[in-house]
Amino acid sequence: MVSDIYNIAGALVKDLQAGPAKYLLLRDIFNQQPDLQMLTNSAQVQGLSNTQYPDGSWGPFHSQSRRRKQAIRTTEFGVRRALALGLDKTHLVLSKALNYLVEVHSGKLPFPDRAEKNNRWETGKRLFTAAAIAWIDPYNLAIRPEVELWREIACRTFQSGEYCQEDETRAHDDLTGADVAGSYLTLRGKYQLTLLGCLESSLPESVETALLQWLFQLPDGIGYLTMPLAIPPIAHPGQLDRWFTSNELLARYFKGYRSFSSHSAEWIWSRQLEDGGWDFGERSVTSEVMPLSDNWRKNVHRRTDWTTRVLLLLQNIA
């Protein structure tokens, strides 16, 4: 499978001009260090930069307002979009965003969203900002307390070798004081998973395995993405995007994911086109990853973007 990935990526790179798809393939498939200038003229990158506020944010952090017509709806979305396009913390867009996030996380700047009136909000607020920092800079010392907190919660929750809601509740009673049952603070959330996996060896292997087994059994998968991991998606743009995002998250952060990913990899390979690439159709309007190309007026650009996304996931699986 690895040689197939290299061969497909190599053929694709030869035909690509500078831009996010070529940059990502060179960096993540061939382990090269392409110049970030390769992304400078991308309309997608320019759109991120032009809509970013002077403080490094994109307005609201986590909560979306229907009245906002801006393409980058939240700071969280802006960070995820920048990373999907290939930017890292050395690029001005993400260095500004990182400085802003650290200031909000520390309390030096106010959290921009309306506060929830419950005992979960303080924990949730720190969780959201810590995860966003981890996406950009997983070794940032500002988030180490949050990483250690969620590691301890996970170890207590899975101490029996499987998920136990009572143990999770007790862990929060002791460590956060938050009412967690049935809320976004349960360990299935994408933010918690980011913090649990962002540092190598942050979880004992037995806990990671139990966590992954639990996630793959959940009928609605990872929190905020709500797609079953064990079942390939139907041909609906939003479901496809969230299924890919779910698998991308686990493939990036958890080595043990490979033991659970064979069904996903087989399904992806079974959808390969005769020309060697992939095309899963129109993108979701809420996608953080797509498009990579400046437009999809030509189907070849859509196939390029989907093929790039698929190859990056298969590379992590392999």
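Residues numbered from 1 in each chain as written. Predicted model: local features only at pLDDT ≥ 70, side-chain atom pairs only at ≥ 80, totals over all residues. Heavy atoms only, no water.

Caption draft 1: Structural detail: the overall build of the protein chain. Within the protein chain, the regular secondary structure consists of 13 helices and zero strands. Each helix and strand of the protein chain, placed in order from N terminus to C terminus, yields the pattern α-α-α-α-α-α-α-α-α-α-α-α-α. Taking the principal axes of its C-alpha atoms as reference, the protein chain extends roughly 55 × 45 × 35 Å. A buried classification covers 55% of the 318 residues belonging to the protein chain. Considering only residue pairs separated by 6 or more positions, the protein chain has 62% of its internal contacts joining residues 24 or more positions apart. If you sum the accessible surface of the protein chain, you get close to 15100 Å²; carbon and sulfur atoms cover 48% of it. The distance from the centre of the 35 positive side-chain charges to the centre of the 36 negative ones in the protein chain is 7 Å. (Helix = DSSP H or I, 4+ residues; strand = E, 2+ residues; numbered from the N terminus. Buried < 20%, exposed > 50% of the residue type's maximum accessible area, 1.4 Å probe, protein only. Contact = heavy atoms within 4.5 Å. Areas by Shrake-Rupley, 256 points an atom, 1.4 Å probe, with all protein chains shown as cover. Lys, Arg positive; Asp, Glu negative; His and termini not counted. Charge placed at Lys NZ, Arg CZ, Asp CG, Glu CD.)

Caption draft 2: Broad picture of the layout of surface pockets. By volume, the largest pocket is sized at about 1600 Å³. Residue lining of the largest pocket: 46 residues in total, with E248, A251, R252, Y253 and N316 positioned closest to the centre. When contributions to the lining of the largest pocket are tallied by element, the ones reaching two or more residues are α2 (20-29), α4 (75-84), α6 (121-136), α9 (190-197), α10 (205-217), α11 (237-253) and α13 (299-317). With six residues, the single largest contributor to the lining of the largest pocket is α11. Residues that form the lining of the largest pocket fall into these classes: 21 nonpolar, eleven polar and 14 charged. Looking at the second largest pocket, it is lined by 29 residues, and the ones nearest its centre are L12, L16, V300, H301 and T304. Sorting the residues of the lining of the second largest pocket by element identifies α1 (2-15), α2 and α13 as the ones contributing at least two each. Per element, the largest residue contribution to the lining of the second largest pocket is five residues, and it comes from α13. Of the residues contributing to the lining of the second largest pocket, the split by class is twelve nonpolar, twelve polar and five charged. (1 Å grid on protein atoms, 1.4 Å probe; cavity = no way out; pocket = protein on both sides within 12 Å on 5 of 7 lines; lining within 4 Å. Points joined across faces, edges and corners; volume = space filled by probe spheres on them. Nonpolar A, V, L, I, M, F, W, Y, C, P; charged D, E, K, R; others polar.)

Caption draft 3: Examining α1 more closely. If you check α1, its first and last C-alpha atoms are 21 Å apart, about what 14 residues at 1.5 Å a residue would give, namely 20 Å. Within α1, burial applies to I5, I8, A9, G10, L12 and V13. The inward-facing, buried residues of α1 abut α2, α12 (262-270) and α13. (Expected span 1.5 Å × (residues − 1).)

Caption draft 4: Spotlight on the packing of aromatic side chains. All chains considered together, the criterion is met by 19 aromatic pairs. Between F61 and F111, the ring centres sit 5.2 Å apart and the planes meet at 55°, which makes this aromatic pair tilted. You can see F61 sitting in the loop between α3 (43-51) and α4 and its partner F111 sitting in the loop between α5 (92-106) and α6, a full 50 residues away along the chain. Here F61 matches F111 in class, with each residue buried. Look at F280 and W306: their rings are 5.2 Å apart centre to centre, the planes differ by 65°, and that puts the pair in the edge-to-face class. Linking F280 in the loop between α12 and α13 with W306 in helix α13, this pair joins segments that are 26 residues apart in sequence. Grouping aromatic residues by their ring pairs yields a cluster made of F128, W135, Y184, Y191 and Y224. The ring of F77 is capped by R73, whose NZ or CZ atom sits 4.4 Å from the centre of that ring. (Phe/Tyr/Trp six-rings, centres within 6.5 Å; stacked < 30°, edge-to-face > 60°. Lys NZ or Arg CZ within 6 Å of the ring centre and 35° of its normal.)

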